[in-house]
Amino acid sequence: MNIPVNLKYTKDHEWVSLDGDIAIVGITHFAQKELGDIVYVEVETLDQTLEKDEVFGTVEAVKTVSDLFLPLSGEIIEFNDALESKPESVNTDPYGAGWMIKVKVSNLDELDSLLSSESYKELIGA
C-alpha cells in the first residue's frame, strides 16, 4: 500500500502536504480503496475559514457518501476543479492528480497532532 513518508495523515484518512502555510489535502490510498470507485467530489466550503476536524466536503462512491474532515484550521483557498470532470483521479492518483483542496493554514501548531506515515500504517494495520 502506498503511504508516502513525506506526508502527514489523519485518523479519518486524509493526507496533508505542507508548503509554507499552504496545505494540500486529499484522501489516502487506503481510503479510496475502501470507498471504491469515486464518482463525485463536492466541496462547497471554498473561501471559507473552518476549524480543524470540521467537514469541508464529501466524496461520493458507487456504494456510499463520506464526509471529508479538515486536518488543519484555515481558509480553503482552492478546489481541484479537475475532479469535477475526472473524480476517478482520486482512485488512480490519490497523492497527485487526486488532491482535493488547498488550505491557508491558520495554526501551524496543529501539524503536531497529525500522524506520521509510520503511525498511519499502524492505524490501518499495513
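Because the structure is a prediction, the values reported are computed rather than measured. (Residues numbered from 1 in each chain as written. Predicted model: local features only at pLDDT ≥ 70, side-chain atom pairs only at ≥ 80, totals over all residues. Heavy atoms only, no water.)

## Structural notes on the overall build of the protein
- In terms of helices and strands, the protein carries four helices and nine strands.
- Moving toward the C terminus, one meets the helices and strands of the protein in the order β-β-β-α-β-β-β-β-β-α-α-β-α.
- Referenced to the eigenvectors of the C-alpha coordinate spread, the extents of the protein come out at roughly 35 × 35 × 20 Å.
- Per-residue burial over the protein gives 45% buried out of 126 residues.
- A separation of at least 24 residues holds for 61% of the contacts in the protein among residues at least 6 apart in sequence. (Helix = DSSP H or I, 4+ residues; strand = E, 2+ residues; numbered from the N terminus. Buried < 20%, exposed > 50% of the residue type's maximum accessible area, 1.4 Å probe, protein only. Contact = heavy atoms within 4.5 Å.)

## Let's talk about the sheet that holds strand E4 (residues 38-42)
- Within the open sheet, the three strands sit side by side as E4-E6-E7. Their pairing is antiparallel. Because the sheet does not close on itself, it has two edges, and the strands there are E4 and strand E7 (65-69). Here the strands of the sheet are splayed against their neighbours by 25 degrees on average, with no regard to which way each runs. (Pairing = 2+ DSSP bridges. Axes fitted to C-alpha atoms, helices over the stretch in contact; angles between N-to-C directions.)

## Things to note about the pattern of salt bridges
- Scanning all chains against the criterion turns up four salt bridges.
- Its salt-bridge partner being aspartate 21, residue lysine 104 comes within 2.5 Å of it at the nearest N-O pair. In this pair, lysine 104 is assigned in strand E9 (residues 101-105) and aspartate 21 in the loop between strand E2 (14-19) and strand E3 (22-27), connecting sequence segments 83 residues apart.
- Given a relative accessible area of 38%, lysine 104 falls into the partly exposed group. (Salt bridge = Lys/Arg side-chain N within 4 Å of Asp/Glu carboxyl O.)

## What about unusual backbone geometry?
- Unusually for a residue other than glycine, histidine 13 sits at a positive phi of about 75 degrees.
- With respect to the secondary-structure elements, histidine 13 resides in the loop between strand E1 (8-9) and E2.
- Positioned with a positive phi, aspartate 53 is a non-glycine residue whose angle comes to about 75 degrees.
- Relative to the assigned elements, aspartate 53 resides in the loop between strand E5 (49-50) and strand E6 (55-61).

## With respect to the packing of aromatic side chains
- The tally for this structure, following the rule as stated, stands at two aromatic pairs.
- Here the basic side chain of lysine 102 rests over the ring of tryptophan 99, its NZ or CZ set 5.2 Å away from the ring centre. (Phe/Tyr/Trp six-rings, centres within 6.5 Å; stacked < 30°, edge-to-face > 60°. Lys NZ or Arg CZ within 6 Å of the ring centre and 35° of its normal.)

## Section: the layout of surface pockets
- Approximately 150 Å³ is the volume attributed to the largest pocket.
- What lines the largest pocket is a set of 13 residues, and nearest its centre among them are Asp12, His13, Ala31, Leu35 and Ser66.
- Elements that contribute at least two residues to the lining of the largest pocket include exactly helix H1 (29-35) and E7.
- In terms of residue class, the lining of the largest pocket is built from seven nonpolar, two polar and four charged. (1 Å grid on protein atoms, 1.4 Å probe; cavity = no way out; pocket = protein on both sides within 12 Å on 5 of 7 lines; lining within 4 Å. Points joined across faces, edges and corners; volume = space filled by probe spheres on them. Nonpolar A, V, L, I, M, F, W, Y, C, P; charged D, E, K, R; others polar.)

Taken by themselves, the reported measurements are silent on function.
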